[in-house]
Amino acid sequence: MAYTNEPVEPGKVSSLPPEFCRPADCRRLFGLTRTFVYELIKVRKIKSFCLRKPGKRTGIRLVYVESVREFLRSEMEKAE
């Protein structure tokens, strides 16, 4: 593991692409609207899960970014 003395910027965790993101973040990453992302989740075209504390009714919906990439690649191949 390499250590650094670079200052930490708010909201910036790593320079690596994220493994998970919120549905709204898919617009910034892929240009997909939040509504469209939820439609893809509903028909199981992309993977997601709800992260919540035990006993709580609500949580945070997270999307597996690689599944979005796989979906977009398959759509691109269909278009060729």
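Look up a bit, the structure's there.
Since we're looking at a predicted model, the values are computed, not measured.

Draft legend 1. Representation of the overall build of the protein chain. Helix and strand counts for the protein chain come out as three helices and three strands. When the helices and strands of the protein chain are listed from N to C terminus, the series reads β-α-α-β-β-α. Each of the 80 residues in the protein chain was classed as buried or not, and the buried ones make up 18%. Restricting the contact set of the protein chain to residue pairs at least 6 apart, pairs at least 24 apart contribute 46%.

Draft legend 2. Focus on the environment of Ile 41. Relative to the helices and strands, Ile 41 is located in helix H2 (residues 34-42). Since its relative accessible area comes to 16%, Ile 41 is described here as buried. Distance from Ile 41 to Pro 23, taken between C-alpha atoms, is 9.6 Å for residues 18 residues apart in sequence. The residues contacting Ile 41, other than those within four sequence positions of it, are Ile 46, Ser 48, Arg 61 and Val 63.

Reading guide: rules and limits
- Residues numbered from 1 in each chain as written.
- Predicted model: local features only at pLDDT ≥ 70, side-chain atom pairs only at ≥ 80, totals over all residues.
- Heavy atoms only, no water.
- Helix = DSSP H or I, 4+ residues; strand = E, 2+ residues; numbered from the N terminus.
- Buried < 20%, exposed > 50% of the residue type's maximum accessible area, 1.4 Å probe, protein only.
- Contact = heavy atoms within 4.5 Å.

By themselves, these observations are geometric and do not establish any function.
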